[in-house]
Amino acid sequence: MKTSLIQKYNVPGPRYTSYPTVPYWDESGFTNEIWIQTLKNSFLESNNKEGISLYIHLPFCESLCTFCGCNKRITKNHNVENPYIDAVLKEWSMYCKILDDKPKIKEIHLGGGTPTFFSIESLENLINGIFSLAEKAEDYEFSFEGHPNNTTLAHLQKLYDLGFRRVSFGVQDYSEKVQKAIHRIQPFHNVAKVTFWAKKIGYTSIGHDIIFGLPFQEVQDVVDTIEKTNSLQPDRLAFYSYAHVPWIKGNGQRGFHDEDIPKDDAKRKLYEVGKELLFENEYHEIGMDHFALKSDSLYQSFDNKKLHRNFMGYSSSKTQLMIGLGVSSISDSWYSFAQNVKTLEEYYKVLESDELPVYRGHLLSTEDLIIRKHILNLMCQFETSWENSANYVSEIPEIVAQLKEMENDGLLIIGDNKIIVNEEGKPYVRNICMAFDLRLKRKAPETALFSMTI
C-alpha cells in the first residue's frame, strides 16, 4: 500500500454498522409510537418469510479491557445475573405482546460485555425464556462471544445443547507487553483450550477476533499472533483496526499514551503483513476486515452475494427485523432504528414502569433507505449499482465526481451506473462509503466522533 495514499485517506470516519450512523440520527422526528408502528410493519412483512434476529447485550465483565469501547459494567458480584436476565425477559415479553404473533427467530447473538460472565444456569434461563414465547426459524444460526479466560467446557456444551453453533473468541494479540497495556492478560493456552473444546463439541463456525494497531504492537507481534491463530484453524477471523476513541466517557482507553499507538504507515504495515499471512493459510477476505475459510458459512454468503451487515456485524443471512434486548442495545426494523437506555439503573426503572426502555431513535427517509443499500453493498460485496432507478438519488453525479480521484488512485472502477472496489481499494472501503454519506457531507462533525479509517 502506497504511503502517500495512507496519509491522504487516513481520516476519521464511521464503521457503517448502520446508515445513518448513530451521531446523525434525527431524534426530533422519532417517537416510541413510530418505532412500534415500523416494528409491527416489518414483522408482518418478514416474520413468516425469513424470521427475525435478536441481539442480546450482556454487559458485565469482571475486569476492564482498556481497548474496549463497548457498554459494560465491571463487577465481580455475580448476584447481578438473575435480576438482569429477568429484566431482559420482561423486555422480550413486552415486544412479543406488541407483535401479537409468535416470532420465528433466525438469529440470536449474545454480545457484551462478557456473555460468559453469566453462569450456564443463567444463560439457560435466558434462552428458554426467549423460546417460551417464540420458535426457531428454518436454518437458524445462534452465536455468542466467549472470553477465553472464563468460557468453560460447561458453557460451550450447554449453549450447544440450546442450539448455538457459532462462537467467537476475543484474542486481540498474544504479546505479553501488548496484553499488559490493554489489561487483557490471556495466554495462548486459554484460547487453544476453548477452541479445541468447541471443535470437539461440534461447533460449525469458530471465530477469533484479532486487532492491529494496539499500543506497543510491532510487526513481529502480529506475525506471532497470526501464526498461533493459524495453528488453531478457526473458521473465520475478524482482523480489524483498533479504534482509538478516548473521548468517549467510560470506555477505559486511557491506560496508555497516544505515542504508544502505531500510526499511519506503521499501523498499516501490521495489517498488510497479517493479511498476507492469512492469505497464505487459505483465508479469504470477505467484507471489511473479515476473513474466512471457504468451508465457513460467512464465505459462502459472500460468494453468493448474500452477506449482510448490521449492528451485530457481518451475518451470513439477512433479516429485515432485528430486535435488541438489554441495556444500550440497538434495534432495527429496516425503516427505523431504536436504542435502549444506556445505564442499568435507568433500564430497570423504565421496565418497572411497563414501558419499552427505548430512549432515542431515527426514522429513515426514502433517501436514507437508498443510501443505506449502497453502503451495505459496498461493505458486503465491494460494489454497488444504481442501474435500477429505485437506487438513484439526485446526488449520484456529485458522488461519482468525488470518487473520480479514488479511481485515479487505483482504488475503484467507475462503470456505467456502478462502482466496483478493486483489491487495492478494499482497505479504503470506509472512505468510499463516506462519499455516499449525504448526512455526513451536509453537516461535518464539530467534535471528535469517529476513529481513523485506516
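Keep in mind that this is a model prediction, so the values were computed, not measured. Here the residue numbers are simple positions, counted from 1 along each chain's written sequence. Totals for whole chains, interfaces and linings use every residue, but because this is a predicted model, local features are given only for residues with pLDDT of at least 70 and side-chain atom pairs only at 80 or more, for both listing and counting. Only heavy atoms go into the side-chain values, all of them from the structure, while hydrogens and water stay out.

(A) Just the packing of aromatic side chains, in detail. In summary, the pairing rule links any two rings of Phe, Tyr or Trp, Trp by its six-membered ring, whose centres are within 6.5 Å, and it sorts them by plane angle into stacked for under 30 degrees, edge-to-face for over 60 and tilted for everything else. Inspection of every chain in the model, using the stated rule, returns 22 aromatic pairs. Ring geometry for Tyr84 and Tyr347: centres 6.0 Å apart, planes at 40 degrees, overall tilted. Of the two residues, Tyr84 sits in helix H3 (residues 81-99) while Tyr347 sits in helix H11 (residues 344-352), which places them 263 residues apart along the sequence. We classify Tyr347 as buried; its relative accessible area is 0%. Summarising the aromatic geometry, the rings of Phe311 and Phe337 are spaced 5.5 Å apart at their centres and angled 85 degrees between planes, so their arrangement reads as edge-to-face. Residue Phe311 is located in the loop between strand S11 (308-310) and strand S12 (313-315), and its partner Phe337 is located in strand S15 (residues 336-340); the two are separated by 26 residues in the primary sequence. Relative accessibility thresholds used throughout: buried, under 20% of the residue-type maximum; exposed, over 50%; partly exposed, between the two (1.4 Å probe, protein chains only). Residue Phe337 is classed as buried on the basis of its relative accessible area, which comes to 0%. For helices the rule is a DSSP run of H or I covering at least 4 residues; for strands it is a run of E covering at least 2, with both sets numbered from the N terminus onward.

(B) Quick look at the pairing of strand S7 (residues 205-212). Among the 8 residues in S7, 7 count as buried, and that is most of the element. The pairing of strand S6 (residues 164-172) with S7 spans 6 bridges and is classified as parallel. Across the sheet, residue Gly170 finds its bridge partner in S7, namely Asp209. Two strands are counted as paired when DSSP detects at least two bridges linking them. In terms of strand pairing, S7 meets strand S8 (residues 236-241) through 6 bridges, oriented parallel. Counted as the bridge partner of Ile210 is Phe239 from S8.

(C) Local environment of the pattern of salt bridges. Salt-bridge detection follows one rule: a side-chain nitrogen of Lys or Arg within 4 Å of a carboxyl oxygen of Asp or Glu. This structure, assessed with the given rule, holds 18 salt bridges. Of the charged contacts in the structure, one is a salt bridge between Lys90 and Asp354, with a shortest N-O distance of 2.9 Å. Of the two residues, Lys90 sits in helix H3 while Asp354 sits in the loop between H11 and strand S16 (358-363), which places them 264 residues apart along the sequence. We classify Lys90 as partly exposed; its relative accessible area is 29%. A relative accessible area of 54% means that Asp354 is categorised as exposed. When salt bridges with common partners are traced through the structure, they connect Lys8, Glu405 and Asp409 into a single cluster.

(D) Geometry of the nonpolar core. Here, nonpolar core means buried Ala, Val, Leu, Ile, Met, Phe, Trp, Tyr and Cys residues that are tied together by side-chain atoms lying within 4.5 Å of each other. With 54 residues, the main nonpolar core has Trp92, Ile105, Leu110, Phe164, Tyr203 and Ile323 as its most contacted residues. Per-element accounting of this core gives the leading share, 10 residues, to H3. When checking whether two residues touch, look at their non-hydrogen atoms; a contact exists if any pair is within 4.5 Å. If near-sequence neighbours (up to four positions away) are discounted, Ile323 is found in contact with Leu39, Ile52, Ser53, Leu54, Tyr55, Trp92, Tyr95, Leu99 and Ser331. One finds Trp25, Leu369, Leu411 and Tyr428 within the second-largest nonpolar core, a separate group that totals 48 residues.

(E) Geometry of the environment of Asn149. Position of Asn149 among the secondary structure elements: in the loop between strand S5 (135-146) and helix H5 (153-161). The spatial distance from the C-alpha of Asn149 to the C-alpha of Arg430 is 33 Å, given a sequence separation of 281 residues. As used in this structure description, the phrase polar contact means that two N or O atoms lie within 3.5 Å; if the pair is within protein, one of them must be able to donate a hydrogen and the other to accept it, and residues adjacent in sequence are counted only when both atoms belong to side chains. At 2.9 Å, the side chain of Asn149 and the backbone oxygen of Ile185 are in polar contact.

(F) Examining the environment of Val80 more closely. By secondary structure assignment, the location of Val80 is in the loop between strand S3 (73-74) and H3. For the pair Val80 and Thr17, spaced 63 residues apart in sequence, the C-alpha separation works out to 30 Å. Setting aside chain neighbours within four positions, we find Val80 in contact with Phe60, Thr75, Phe117 and Tyr348.

(G) Quick look at the sheet that holds strand S18 (residues 412-415). One open sheet holds the 3 strands; their spatial order is S17-S19-S18, and the pairing between them is antiparallel. Each edge of the open sheet carries a strand with a single partner, namely strand S17 (383-385) and S18. Pairs of neighbouring strands in the sheet enclose a mean axial angle of 10 degrees, with direction left out of account. Where S18 meets strand S19 (residues 418-421), 4 bridges bridge the pair, whose relative direction is antiparallel. Bridging across to S19, Gly415 finds its partner in Lys418. Geometry is summarised by axes, namely lines fitted to C-alpha atoms with helices restricted to the contacting stretch, and by angles between N-to-C directions that run from 0 to 180 degrees.

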